[in-house]
2 protein chains.
Amino acid sequence: MEVRRTTVRDMRRSNRSVILTSIYREGPLSRQELTVRTSLSAASVSNLVAELITEGVVEEAGSVESEGGRPRVLLRVAPTFRYVVGAEVGETRVRVELFDLAMNVLARADHPISSPTPEEVVKHVLEGLSTVVAASGVRSGQILGLGVAVSGVVEDNAVVDAQTLGWDAVPLAAMLAEGTDIPVHVDNGANMLGQAEMWFGAGRGATEAVVALVGSGVGSALVAGGSSYRGARSSAGEWGHMTIVYGGRQCRCGALGCLEAYVGAEGVLDRYREAGGLVDGDEEAAFVGLLASDSEPAATIVADTIGYLAAGFANLVNLVNPERIVLGGWAGLLLGEKYLDELRAEVGKHALRRPYAQVSLVLCELGRDAVALGAATLPVVHLLRNGGAVPASR
Amino acid sequence: MEVRRTTVRDMRRSNRSVILTSIYREGPLSRQELTVRTSLSAASVSNLVAELITEGVVEEAGSVESEGGRPRVLLRVAPTFRYVVGAEVGETRVRVELFDLAMNVLARADHPISSPTPEEVVKHVLEGLSTVVAASGVRSGQILGLGVAVSGVVEDNAVVDAQTLGWDAVPLAAMLAEGTDIPVHVDNGANMLGQAEMWFGAGRGATEAVVALVGSGVGSALVAGGSSYRGARSSAGEWGHMTIVYGGRQCRCGALGCLEAYVGAEGVLDRYREAGGLVDGDEEAAFVGLLASDSEPAATIVADTIGYLAAGFANLVNLVNPERIVLGGWAGLLLGEKYLDELRAEVGKHALRRPYAQVSLVLCELGRDAVALGAATLPVVHLLRNGGAVPASR
DNA sequence: GAGTCTTAGTTCACGACTTGGAGGAAGGGG
DNA sequence: CCCCTTCCTCCAAGTCGTGAACTAAGACTC
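Residues numbered from 1 in each chain as written. Chains lettered and ligands numbered in written order. Predicted model: local features only at pLDDT ≥ 70, side-chain atom pairs only at ≥ 80, totals over all residues.

S.K.: So what exactly am I meant to see when it comes to the overall build of chain A here?
M.R.: When you go through chain A residue by residue, the secondary structure sums to 13 helices and 16 strands. Taken against the 2.2 N^0.38 rule, which gives 21 Å for 394 residues, the C-alpha radius of gyration of chain A at 23 Å falls within 12% of a compact globule. Dimensions of chain A, computed from C-alpha atoms along their principal axes, come out at roughly 70 × 50 × 40 Å. The proportion of buried residues among the 394 residues of chain A is 51%. For chain A, restricting intrachain contacts to residue pairs at least 6 apart in sequence, the fraction spanning at least 24 positions comes to 60%. (Helix = DSSP H or I, 4+ residues; strand = E, 2+ residues; numbered from the N terminus. Rg over C-alpha atoms; globule rule 2.2 N^0.38 Å. Buried ≥ 20, exposed ≤ 12 C-beta atoms within 10 Å, placed from the backbone. Contact = placed C-beta atoms within 7 Å.)

Structure below.
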């Protein structure tokens, strides 16, 4: 129950946002189609669109024949109106990518990092930013914002606690802002990958969904009402540390029986090793080996993993009743590519009939490099929400 | 990312709603306080309040001295502007209560029911409605709406699937609407109890919360952003059938290892019985007996129950990061009254440090009779959302 | 190739809205 | 009785979406 006043200005902004969002999300549209979709009057659509065109946010893009009369003029968000930058901060590298508003990659920069201290990361992100700006030839005033994805809990768009990086209350947004004039947004990596899948991948069209990521660790992004759910203090979605075997295996979080300890790649390989399986090479190679093996212990471990993972999904299905679950993460994809049907069937054994019948389980479509893409959508979300108004500064 | 146009009429309605909601939820307020809270201009507050007073929704309620100048006139929602009715449909009885807008009970009617067929329930709800209307002397045109709480999944405010009642796709709202002119709202019982706790009980002030109900079965109401989260098709919150012991005890839902099979009163007593405990009397008496017993098996069972329940809470804490968990349900209250501290400590063992530090675990304050109260808030929510505009009909 | 039909988009007067500022109302203090 | 402070209301100004009338732009007809 939100309580916010509305002024006549808010109305204008809101309607600009409605129009701009429709054009952006639902491809080129004519004014006439906009009046239908938004239920605004033709007069208002015309008026608002004219304003957006004057400002350069929207442009005409050919026309399409109508049903016998004057052709409809198609409108799209001008891809080169502004540009956005997305950065992915991993444990071993920083990747920075620059996109136009149609989310075409115009430039990319990767930096390996040795020790992921905040200072190091800030330095590499800023260097990457300079690199992609220079490489793309985009003037920095044309850049709408920099979205940064970090694997940790991000509160208030700014402060990061990341156990894997050893960070505690790092004011990353503020640190980055010291080195650039471009507006900075920071968010959690899993949420950003989820965001990318929801906008451009397997989540398109869904409003209630879960993007489940299974890699070495296990996490998820919850999507409620079309946008990511953050909980009270931004740490919602910690699906990997859900207790699934009470009193079971020790998890690296310290608790017993977490889902991650059973279906995270590390946990799976540990179980395989204990069952007498042969684990060699790096984690990913070993995981592939496990899936390829037709030995008896391998089959058991894989079957068990599917069972545990299905129970984890079922818990999501029961608790949040999503319309779609999108499985991703490198281990999740490897498993899913081979055993998606088994997984679906197994979820049915653990979930309640009704919500199970309403959910579809699908695989991520974008691959694991979409994190920077997701991060780059942060400034775009901002733009759409503001109805295309860009900060007056600079 | 919602897309809805805004007109100048919406603006008015929205601002009326903001003012009315503030007055309703934050007690008597003066116009001056309203300008501060809503950030509307004094002129608009005055204008809107005048309108609300003319219509009778709001009334002046004394004045309070200001800081040296003209005293502030307090405003409140007129308790007798309209009335609301809440109904609780249980397996063995139907309870109907009539409230004024201040949620004082003016009349109550209970009907035992033998076989909870839809027809029977509809009949008893309508009879209860007549009874409370007659007993209270309220004209039926003054009744804003009838909220009905059913223990089952309620889609679109209307259609009910309830396994415990043996109902499948029962159009309860439509059936009730045939027997009365009063607008009917139907929702899930757990959500309604949660709603009551959020507005008038242990949930006040929280916006991200979970109301966990432990009785013979186990369920919950998820609250996100101040209102109940329903998921894709209204069945969110099925916390009881979360797998918590993979491959564990058989649950009545058919799956293995559900939380309900361990912490639902029925499951607890089954475990007690298997451990050699003495279970007699009805379920509730037996449960009280278990808690009162100082035998060795009883102590073990209770300790285990606390452990399982804590793991269930921890899963909620990790996944949805609530600021508050409110424990209710008759068994939950019995357990909580005696072992709340142990429960809190145990949750810490299963949950991640960060979200655990952000959540508070408290007991329900309203008792189990608050379901009808919660149901009666449905029409009130409607009224507040519409800014006090009542349907013109009748 | 002029006229006509159909659909798309635009212009404009109108009513509804919020707002800032001026002014009135209501109490206390000298 | 006057002045001060604070709360509240009235009014002119500015903004916005809307419906109706109007223009634009193709296709179709004869």
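S.K.: Is there a simple way to explain the sheet that holds strand β13 (residues 218–224) of chain B in this structure?
M.R.: For sheets, the rule is that strands pair by backbone hydrogen bonds, running either parallel or antiparallel. All names here are of chain B. The five strands are arranged β14-β13-β12-β15-β16 in an open sheet whose pairing can be described as mixed. Strands with a single pairing partner mark the edges of an open sheet, and in this sheet they are β14 (227–228) and β16 (360–363). Judged from the six bridges that link them, strand β12 (residues 209–214) and β13 form a sheet pairing that is antiparallel. Among the inter-strand pairings, Val211 is bridged to a residue of β13, identified as Ala221. Relative to the sheet, helix α6 (residues 189–200) contacts β12, β13, β14 and β15 (324–328), its axis offset from that of β13 by approximately 50°. (Pairing = 2+ DSSP bridges. Axes fitted to C-alpha atoms, helices over the stretch in contact; angles between N-to-C directions.)

S.K.: Help me understand the pairing of strand β7 (residues 143–150) of chain B, please; the structure alone is not making it clear to me.
M.R.: Along any regular strand the residues' side chains alternate between the sheet's two faces. Residue and element names in this part refer to chain B. Burial analysis of β7 places eight of its eight residues in the buried class, which makes it a mostly covered element. With seven bridges connecting them, strand β4 (residues 83–89) and β7 associate as parallel partners. Note on β7: the bridge partner recorded for Val84 is Gly145. Sheet analysis places β7 next to strand β11 (residues 184–188), joined by five bridges and oriented parallel. When the bridges of β11 are listed, Ala149 appears paired with Asp187.

S.K.: Explain the relation of the copies chain A and chain B to me, please; I cannot follow it from the model alone.
M.R.: The operation relating the two chain copies consists of a rotation about an axis and a shift along that axis. It takes a turn of 180° to lay chain A on chain B, together with a shift of 0.0 Å along the axis; the resulting RMSD is 0.0 Å. The symmetry that links the two subunits is that of a two-fold axis. (Least-squares fit on C-alpha atoms with pLDDT ≥ 70 in both.)

S.K.: How do you make sense of unusual backbone geometry when you look at a structure like this?
M.R.: Residue and element names in this part refer to chain B. Here Ser39, not a glycine, exhibits a phi torsion of approximately 60°, which is positive. In this structure Ser39 comes out as exposed when scored by C-beta crowding, with 12 C-beta atoms within 10 Å. In this model, Ala169 sits at a positive phi of 55°, which is unusual for a non-glycine residue. Tracing the sequence through the fold places Ala169 in strand β10 (residues 167–171).

S.K.: I keep staring at the protein's contact with DNA strand D and nothing clicks. Help me out?
M.R.: Surveying the vicinity of DNA strand D reveals 31 residues, the closest of which are Ala43 of chain A together with Gln32, Ala43, Gly69 and Arg70 of chain B. Mapped by element, the contributors of at least two residues to the surface near DNA strand D are α1 (8–25) and α3 (42–55) of chain A together with α2 (31–38), α3 (42–55) and β3 (72–77) of chain B. For the surface near DNA strand D, the element with the most residues is α1 of chain A, which contributes five residues. Tallied by class, the residues present in the surface near DNA strand D amount to ten nonpolar, 13 polar and eight charged. (Near = placed C-beta within 6 Å. Nonpolar A, V, L, I, M, F, W, Y, C, P; charged D, E, K, R; others polar.)

S.K.: In this structure, what is going on with the protein's contact with DNA strand C? I would like to understand it.
M.R.: Neighbouring DNA strand C are 31 residues, the closest being Gln32, Ser46, Gly69 and Arg70 of chain A together with Ala43 of chain B. Elements represented by at least two residues in the surface near DNA strand C include exactly α2 (31–38), α3 and β3 (72–77) of chain A together with α1 (8–25) and α3 of chain B. The class makeup of the residues in the surface near DNA strand C is ten nonpolar, 13 polar and eight charged.

S.K.: Could you clarify how one ought to interpret the packing of helix α8 (residues 265–274) of chain A against helix α9 (residues 283–292) of chain A in this entry?
M.R.: Two quantities define a packed helix pair, namely the angle between the helix axes and the distance between the axes. All names here are of chain A. Orientation of α8 relative to α9, taken along the N-to-C sense of each, is 55°, at an axis distance of 10 Å. As far as their axial angle goes, α9 and α8 are oblique. Between α8 and α9 the crossing geometry is left-handed. Here α8 contributes Ala265, Glu266, Val268, Leu269 and Tyr272 to the contact with α9, which in turn contributes Glu283, Ala286, Phe287 and Leu290. Taken together, the residues that form the contact of α8 with α9 break down as seven nonpolar, no polar and two charged. (Parallel < 35°, antiparallel > 145°, perpendicular 65-115°, else oblique. Left-handed = near helix turned anticlockwise from the far one by under 90°.)

S.K.: What's the story with the sheet that holds β3 of chain B in this structure? I'm lost.
M.R.: Residue and element names in this part refer to chain B. On the basis of which strands lie adjacent, the open sheet formed by three strands has the order β1-β3-β2 and antiparallel pairing. Strands at the two margins of the open sheet, each flanked by one partner only, are β1 (29–30) and β2 (58–64). Pairing of β2 with β3 involves five bridges; the strand directions are antiparallel. Following the sheet pairing, Val58 is matched in β3 by Val77. Each of β1, β2 and β3 is contacted by α1, which is oriented at about 90° to β3, the strand it contacts most.

S.K.: I'm lost on the nonpolar core in this one. Help?
M.R.: Note that soluble globular proteins tend to have their nonpolar side chains buried in a common cluster. Counting residues in each nonpolar core, the largest one holds 258 residues, and the members touching the most others are Ala87 and Val148 of chain A together with Ala87 and Val148 of chain B. With residues near it in sequence (within four places) discarded, Val148 of chain A still touches Ala87, Val89, Val125, Leu172, Leu176, Val184, His185, Val186 and Ala375 of chain A. (Core = buried A, V, L, I, M, F, W, Y, C linked by C-beta atoms within 7 Å.)

S.K.: Explanation requested: the interface of chain A and chain B in the structure shown.
M.R.: Interface size, as often reported, equals the accessible area lost upon joining of the parts. Chain A puts 54 residues into the contact, and the matching count from chain B is 54 residues. Mapped onto the side of chain A that touches chain B, the elements with two or more residues apiece are α1, α10 (296–320), α11 (330–350) and α12 (353–358) of chain A. Residues of the side of chain A that touches chain B, tallied by class, amount to 26 nonpolar, 19 polar and nine charged.

S.K.: Just to check I follow, could you spell out α1 of chain B for this structure?
M.R.: In an α-helix there are 3.6 residues to a turn, and that puts residues three or four apart on one side. All names here are of chain B. Look at α1: 26 Å from first C-alpha to last across 18 residues, which is about the 26 Å you get at 1.5 Å a residue. Looking at α1, one finds that the buried residues are Ser14, Asn15, Arg16, Ser17, Val18, Ile19, Leu20, Thr21, Ser22, Ile23 and Tyr24. Those residues of α1 that are buried are in contact with β1, α2, α3, β2, β3 and α13 (371–385). Following α1 by one or two positions, Gly27 adopts a phi angle in the positive range, close to 65°. (Expected span 1.5 Å × (residues − 1).)

S.K.: In this structure, what is going on with the environment of Thr38 of chain B? I would like to understand it.
M.R.: Residues and elements named next belong to chain B. Among the structural elements, Thr38 can be located in helix α2. The class of Thr38 is buried, set by 20 C-beta atoms lying within 10 Å. Between the alpha carbons of Thr38 and Val184 there is a distance of 31 Å; along the sequence they are 146 residues apart.

S.K.: I tried to follow α11 of chain A on my own but got confused; where do I start?
M.R.: All names here are of chain A. With 21 residues, α11 should cover 30 Å at 1.5 Å per step; its first-to-last C-alpha distance of 24 Å lies more than 12% under that length. A maximum bend of about 90° is found in α11 at Tyr339. Looking at α11, one finds that the buried residues are Ala331, Gly332, Leu335, Gly336, Leu343, Glu346, Val347 and His350. (Bend = angle between axes of the 7 residues up to and from the residue.)

Function cannot be read off these values alone, since they describe shape.
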